[in-house]
Amino acid sequence: MSSHSSLLRRRAQLLGWSRPPSLSGLLPLLLLTGVLAPAPLQAQTPGVIDTIVGSGHAPNPLDPPDGTGRPALFVNLGAPIGLVLDAQGNLNVSDGYGYKVRRVTPGGTTTTVLGGSTQTPPAGERVAPYTGDGTPASQVRLNARYLAVDAAGNLLVASYERLLRLDPNGGIHTLAGASHPGGGFKLSAPVYGLGGPATEAEVSIHGVAVGPKGDVYLSDPGHGQVLRLGTDGLLTLYAGLPSNGPGTTPATHVELQSPRGLAVDAAGNLYIVDATEPIVRRVTPEGRISNVAGSGVSGFSGDGGKAYAARLNQPTGIAVDSAGNLFIADTGNHRVRKVDTQGYIETVAGATPVVPGLVRGPSGFSGDRGPAKLAQLNAPEGVAIDAEGNLLIADTRNGRVRRVYKVAAPGIPPAGTTVVPQPVEPPASFAYADFARTDGLRWGGSASAKGGVINLTPAALSKAGAVWHGARMRVREGFDTTFSFRVTPSAAVSPVAADGLAFAVQGYGSSFVGDYGGAIGYGGLEDNGDHTGSLTGPGMGLQDAIVLEMDTFRNSNFGDPDGNHLSVHDTRAVLASLHEEKALALTSAIPRMANSQVHTVRVHYFPGTLTVFMDDLDRPVLRAAVNLESALVLERGLAWVGFTASTGGGVQIADLLSWSFQSGTTALPLQTLMGDVNADGVIDHWDALRVLRGVIGLDFLAPIERERADVDHDGRVDIIDWRSIYITSAWHRM
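Residues numbered from 1 in each chain as written. Predicted model: local features only at pLDDT ≥ 70, side-chain atom pairs only at ≥ 80, totals over all residues. Heavy atoms only, no water.

Draft legend 1. The arrangement of the overall build of the protein in detail. When helices and strands are counted, the protein shows six helices and 41 strands. Per-residue burial for the protein yields a buried fraction of 57% across its 734 residues. Contacts spanning at least 24 positions in sequence make up 59% of the contacts within the protein whose residues lie at least 6 apart. Here the protein has roughly 27900 Å² of accessible surface; of this, 53% comes from carbon and sulfur atoms. (Helix = DSSP H or I, 4+ residues; strand = E, 2+ residues; numbered from the N terminus. Buried < 20%, exposed > 50% of the residue type's maximum accessible area, 1.4 Å probe, protein only. Contact = heavy atoms within 4.5 Å. Areas by Shrake-Rupley, 256 points an atom, 1.4 Å probe, with all protein chains shown as cover.)

Draft legend 2. Spotlight on the sheet that holds strand β7 (residues 147-149). Ordered in space as β7-β8-β9-β10, the four strands form an open sheet in which the pairing is antiparallel. In this open sheet, the two edge strands, each paired with only one partner strand, are β7 and β10 (172-176). Strand-to-strand twist in this sheet, taken as the mean axis angle between neighbours without regard to direction, amounts to 30°. Pairing analysis gives five bridges linking strand β8 (residues 155-159) to strand β9 (residues 162-166), with the strands arranged antiparallel. In the sheet register, Leu-155 faces β9, and the bridge partner there is Leu-166. (Pairing = 2+ DSSP bridges. Axes fitted to C-alpha atoms, helices over the stretch in contact; angles between N-to-C directions.)

Draft legend 3. Summary view of the pairing of strand β4 (residues 91-95). Taking burial as the measure, the five residues of β4 include five buried ones, the bulk of the element. Side chains of β4 alternate between two faces, with Leu-91, Val-93 and Asp-95 and Asn-92 and Ser-94 buried alike. For strand β3 (residues 80-85) and β4, the ladder comprises four bridges, and the chain directions are antiparallel. Across the sheet, residue Pro-80 finds its bridge partner in β4, namely Asp-95. Between the end of β3 and the start of β4, which pair antiparallel, lie five residues, with Gly-89 showing a positive phi angle near 85°.

Draft legend 4. Seen up close, the nonpolar core. Phe-479, Phe-483, Phe-503, Leu-566 and Leu-628 are the most contacted members of the largest nonpolar core, which totals 59 residues. Among the nonpolar cores identified, the runner-up in size contains 19 residues, and Leu-163, Val-203, Leu-218 and Leu-237 belong to it. (Core = buried A, V, L, I, M, F, W, Y, C linked by side-chain atoms within 4.5 Å.)

Draft legend 5. Looking closely at the sheet that holds strand β14 (residues 235-239). An order of β11-β12-β13-β14 is seen for the four strands of this open sheet, with the pairing classed as antiparallel. At either margin of the open sheet sits one strand with a lone partner, and together these are β11 (207-210) and β14. Each strand of the sheet is rotated relative to its neighbour by a mean of 30°, with strand direction disregarded. Where strand β13 (residues 225-229) lies against β14, four bridges are found, and the strand directions are antiparallel. Each residue of the ladder has a partner; that of Leu-229, found in β14, is Leu-235.

Draft legend 6. Focus on the pairing of strand β17 (residues 279-283). Across the five residues that make up β17, a large majority, four, are buried. Relative to β17, strand β16 (residues 270-274) runs antiparallel, the two being bridged by five bridges. Looking across to β17, one finds that Ile-272 is bridged to Arg-281. If you look at the hairpin formed by β16 and β17, you'll find four residues sitting between the two strands.

Draft legend 7. Representation of helix α4 (residues 685-695) in the model. Buried within α4 we find Asp-687, Ala-688 and Val-691. Looking down the long axis of α4, one finds its buried residues gathered within 100° of arc, a one-sided arrangement. For α4, the elements touching its buried residues are α5 (703-709) and α6 (719-732). The N-cap of α4, judged by a side-chain oxygen 3.2 Å from the amide nitrogen of Trp-686 a few residues on, is Asp-684. Remark: Gly-697 follows α4 within two positions and exhibits a positive phi of approximately 90°. (Arc of directions from axis to C-beta. Polar contact = N/O pair within 3.5 Å; in protein donor to acceptor, adjacent residues only side chain to side chain.)

Draft legend 8. Molecular detail of the pattern of salt bridges. Enumeration over the complete set of coordinates arrives at 20 salt bridges. For the salt bridge of Glu-286 with Arg-288, the shortest nitrogen-to-oxygen distance reads 3.5 Å. Between Glu-629 and Arg-476 there is a salt bridge whose closest N-O contact spans 3.9 Å. On the criterion of sequence distance, the pair formed by Glu-629 in helix α3 (residues 628-631) and Arg-476 in the loop between β31 (473-474) and β32 (479-489) is long-range, its members being 153 residues apart. One connected set of salt bridges, linked through shared partners, spans Arg-690, Arg-693, Asp-699 and Glu-705. (Salt bridge = Lys/Arg side-chain N within 4 Å of Asp/Glu carboxyl O.)

Quick look at the structure:
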C-alpha cells in the first residue's frame, strides 16, 4: 500500500491536479482528506461517530437474497433513507435504490423483511409498479422511502404511490394509495380521492409518522400537502393548501413546496421538513403552524443562533427525542443539525468547512471513531434516535448507517410499546475439530468449504478470501484460540509464492474481516462487485484490528525481513498496517510455513499481552504488548474474530483445517521465546552469534540452548536456524 506521498498524489489526481500542490497552505485539505486526521477516540464517548450498518458497496445481484444472519456491516446498501426502531430494539432501514427494507437486530445481524424484486420503471413512469397485496414479502416490488412503527408493532413503509403495512407475521396490506389501471404511478392534481377511503386516493407518499392517538401522517411532495390517515381509514388534508383555496385551519392556509420527512413529538406536534423552501414547520394538534428552523433561503449559516434565522440546504429527514430536541438531516449541506428546546441550532454531525470560500460542508466518507462534527457525510436523508440517546444517521450516498453517541435524550418509543434493546449475549466458546460442519461461520470472497477444510485462497492469481465467526466474541477480558492451517505453493500456476494468511481480532472498522477478504501487510482488497474475491485495487486492508500475520512472501516494499515470519500489527494507523518496521512484534524464528505441511498456532491474550505459539504449544515464539480495550472499538467488550488470506502476482493455496476459541483467560507465566538462546528476554545479535559459533563448532550449546535454537523443530541446530534467529535480531535493531 502507498506512502503518504503517493496517497497525496492519488488524491490530487482525483481533484484534477496533475501533481500535488506544495504543503504551504495545504493544512485545510489535509484535514478534509483525513491525512492529518486527529487520533481516533473510543466510539462510546459522547459525540463520537461510527458506522453500524452498511459496507459502503452498492447492492449486487449476487448478494444473498435476504441477508439472513449476515453481520450488519457487511450488508450492501444502495441508498439508505428511512430509519425507525421497533419495540424489540430492531433497527429498520429502507434502501431506496436497493428496493428493500432491512432489519438489524440488537445483536448486529440483518434480515430483509420487505422487498427483493427490482425492476426498472416502465417508460414514462417514475417508479416500478407495485406487485400487490398478498405477494410474499421477499418478492414485493417497492420504492421504500421513510418508515414508521404503529402502536400494534406494524411497520409502515412509504413507497411513493402507496403506504404499506407489514404485520409482525409478515402480512402486507395497502393502507393508502392506488395505482392507475396500467400499474405504476401517475400523479393527479388535485389529490384524487381526498376525503374518502385512503386506498382509493392517488398520492405520492414520501414521509410517514404516527401520532399518539393512532393517526398516521403522510407527506405528499407531488401535491405539496401533508395528509392524515385516520383510524377510520379516511384520508384528509392536514397541512398545505387544498386545490380549491385555503382550508379550515391555519395549517391549511400555508403553501408547502415539497414536504418530505415527518416527526411527531410527545405532545402530538407534527414537524414537517419542506425541502424546497427550505424550512422546518411545526403543526400543533389544534392546527396552528409555525416555522421552527430555516429562513427560507438556501445555504448554510446560523450555527449557535436561533434556528428560524439559519439557512438550510435541501433538508429531508427529521427526528425528535423525548426532551423535544429536533434533529434535521440537512442533506445538501452534508450535515445533521440539532435544534434544542430553546430554539438554538448547531451542527452535531458533518464536517465544518475549513477551505476558504467553501460554503457547504465537504461531502465524502471519513471520521469514524472521531468527533462527529469533524466527520464527512454524503447527502444524509434519514435520522432516528434510539433508546439510549444515540443519533442514527442514514448516510445515504455513502451507503451506510452511522451512529453518534449520546447527543440526544432517549427516543420516543412507538405509542403503547416498550423498547427493549437487550443485546443477545455471545457464546463463551466454539470449537471446530474440522469443517465438516460450518454452522455459525461466515465467509466471503474466494473462501469456500469442502471436504472438512476451509479454502481461503485457490490456486489463482489476485484472490482474497475470509472466514469469520458469525457472532462477535467477548475478548476484552482475554481469550485463547488455537487453529491449524496449511499453505501449499502452486508452482504449476506461478513460481512466485503468495502472501500467506492472517488471524484478526476486529472491532468496528468500516471494512471488516468478512468484507470479501482483506489484506494486512501486503496490500488491500477493493471488491469489484462480483463477490469473487478478486483484488482490483490498493484498498485499505483490515481496519480497527489487531492482526497476527503469517507472512510467506518477502515484499521489500513493506520491509519484510524474509519470506517466512510472524508479526503482530495494529491497523488503527495506516502505516502500521503496511510496513513490518511498524509491527508490534515480529519473529522469523519459526518453522517453514509454505511447505504443504499442517501447522498449529495458539494465540493467548490476557489484557496487556498477546502471546503466540507455533507447533510447539508449550514454548512461545512471539509476544506483543497489546491492550484490546484501548486499541479497538469494543462495544460491550466484543469483537469479530476470523481469518483472511490473499494472493497477488504469486499463487498458493491457503487452507484452514481446525479452529477453537475460548473467551476469558488467566495470565501465562513468563516463558522464554524460541530463538532467545541466552534467555535474556530479547532475540538479539548475541543469540545469533551464539548459534553461529555452535553451528561451526567454535562453541558447545547446552541442551536447553539447543532446544531454544532449533526454531524449525527438525531436531538439529543448523545454518537455517541461525539465519532465522539472525533475521529476527536484525528486525529488533531497526
